[in-house]
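Chain and residue survey
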Amino acid sequence: MIADVLADATTRMDRAVEGAKDDFATVRTGRANPQLFQKLLVDYYGSPTPLAQLASLNNPEARMLVVTPYDKSALKAIEQAIRDAPNLGANPTNDGNIIRVSMPELTEERRKEFVKLVRSKAEDAKVHVRGIRRKAKDDLDELKSEIGEDDVARAEKELDALTRTHVDLIDEALKRKEAELLEV
């Protein structure tokens, strides 16, 4: 029973760390990256659809992305979604077949704003991991009467170590992203 609670907590914490890394990937650095558009939703025939399902993304140059829609009728909607995307500052141009998205150079001030944004996302992820820990601890406390306090105390120590490990993974990913953002 204790092993089940710890395994569930580990799985959920792993997903939280991966979610944080995915969120970090959506924050733009000095170069264009198709992952920036990973969570971008396009209003396609009235329903929000991820851009990756509507078009292919290529990166021919450091500061340019080429978006090739599978359906040419979605061209305007894709262009509008890219233009309206927050924290991107991108300027899409449409030639009737493809959309070229040129990414402007990041200023020092803008880089610092992005660092703050990434730190905020990291803190949200850490709060999520700690919430998972709290839920697992409550589950362990419910098992006290069946298993015994010593086993539960040992399991709580394992849970704390697990939480520390996952928070450290988020911190490492944050440091990598900050270095990437601040590199000129």
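Cut-offs and rules
Residues numbered from 1 in each chain as written. Predicted model: local features only at pLDDT ≥ 70, side-chain atom pairs only at ≥ 80, totals over all residues. Heavy atoms only, no water. Helix = DSSP H or I, 4+ residues; strand = E, 2+ residues; numbered from the N terminus. Expected span 1.5 Å × (residues − 1). Buried < 20%, exposed > 50% of the residue type's maximum accessible area, 1.4 Å probe, protein only. Contact = heavy atoms within 4.5 Å. Pairing = 2+ DSSP bridges. Axes fitted to C-alpha atoms, helices over the stretch in contact; angles between N-to-C directions. Phe/Tyr/Trp six-rings, centres within 6.5 Å; stacked < 30°, edge-to-face > 60°. Salt bridge = Lys/Arg side-chain N within 4 Å of Asp/Glu carboxyl O. Core = buried A, V, L, I, M, F, W, Y, C linked by side-chain atoms within 4.5 Å. Parallel < 35°, antiparallel > 145°, perpendicular 65-115°, else oblique. Nonpolar A, V, L, I, M, F, W, Y, C, P; charged D, E, K, R; others polar.

**Considerations on helix α1 (residues 2–25)**
The terminal C-alpha atoms of α1, which comprises 24 residues, lie 35 Å apart, in line with the 34 Å expected from a rise of 1.5 Å per residue. Restricting attention to buried positions, one finds in α1 the residues Ile2, Val5, Leu6, Ala9, Met13, Ala16, Val17, Ala20, Phe24 and Ala25. Here the buried face of α1 lies against α4 (108–142), α5 (144–147) and α6 (149–182).

**Quick notes on the sheet that holds strand β3 (residues 55–61)**
Ordered by their spatial adjacency, four strands build an open sheet running β3-β4-β6-β5, and the pairing between neighbours is antiparallel. Bordering the open sheet on either side are β3 and β5 (91–94), each of which pairs with just one other strand. Strand-to-strand twist across the sheet, computed as the mean angle between neighbouring axes with direction ignored, equals 25°. Summarising the sheet, β5 and strand β6 (residues 99–102) pair through four bridges and their orientation is antiparallel.

**Thoughts on the packing of aromatic side chains**
If you walk through the whole model with that rule in mind, you get one aromatic pair. Aromatic pair tyrosine 44 and tyrosine 45: ring centres 4.7 Å apart, planes at 65°, arrangement edge-to-face.

**Quick notes on the pattern of salt bridges**
One pass over the full model with this rule turns up 13 salt bridges. The partner of glutamate 113 in a salt bridge is arginine 110, and the shortest N-O contact between them spans 2.9 Å. Residue glutamate 113 and its partner arginine 110 are located together in helix α4, separated by three residues, close to a single helical turn. On the basis of relative accessibility, which here comes to 37%, the residue glutamate 113 falls in the partly exposed class. Each member of the salt-bridge network shares a partner with another, and the members are Lys137, Asp141 and Glu156.

**Points about the environment of proline 60**
Residue placement: proline 60 occurs in strand β3. Residue proline 60 is classed as exposed on the basis of its relative accessible area, which comes to 53%. Separated by 28 residues in sequence, proline 60 and alanine 32 place their C-alpha atoms 9.5 Å apart. Not counting chain neighbours up to four residues away, the residues in contact with proline 60 comprise Leu65 and Val66.

**A word on the nonpolar core**
One finds Leu140 and Leu159 to be the most contacted residues of the largest nonpolar core, which totals 30 residues. Among the secondary structure elements, those contributing two or more residues to this core are α1, α4 and α6. Once you skip the residues sitting within four places of it in the chain, leucine 159 turns out to touch Leu6, Ala9, Met13, Arg133, Ala136, Lys137 and Leu140. One finds Leu36, Leu51, Val67 and Ala85 within the second-largest nonpolar core, a separate group that totals 22 residues.

**Topic: the packing of α1 against α4**
Where α1 meets α4, the closest approach of the two axes is 10 Å, and the angle between their N-to-C directions is 170°. When the interaxial angle is binned, α1 and α4 end up roughly antiparallel. In contact with Ile2, Val5, Ala9, Arg12, Met13, Ala16, Ala20, Asp23 and Phe24 of α1, α4 contributes Val118, Lys121, Ala122, Ala125, His128, Val129, Ile132, Arg133, Lys135, Ala136, Asp139 and Leu140. Here the residues of the contact of α1 with α4 are counted per class, giving 14 nonpolar, one polar and six charged.

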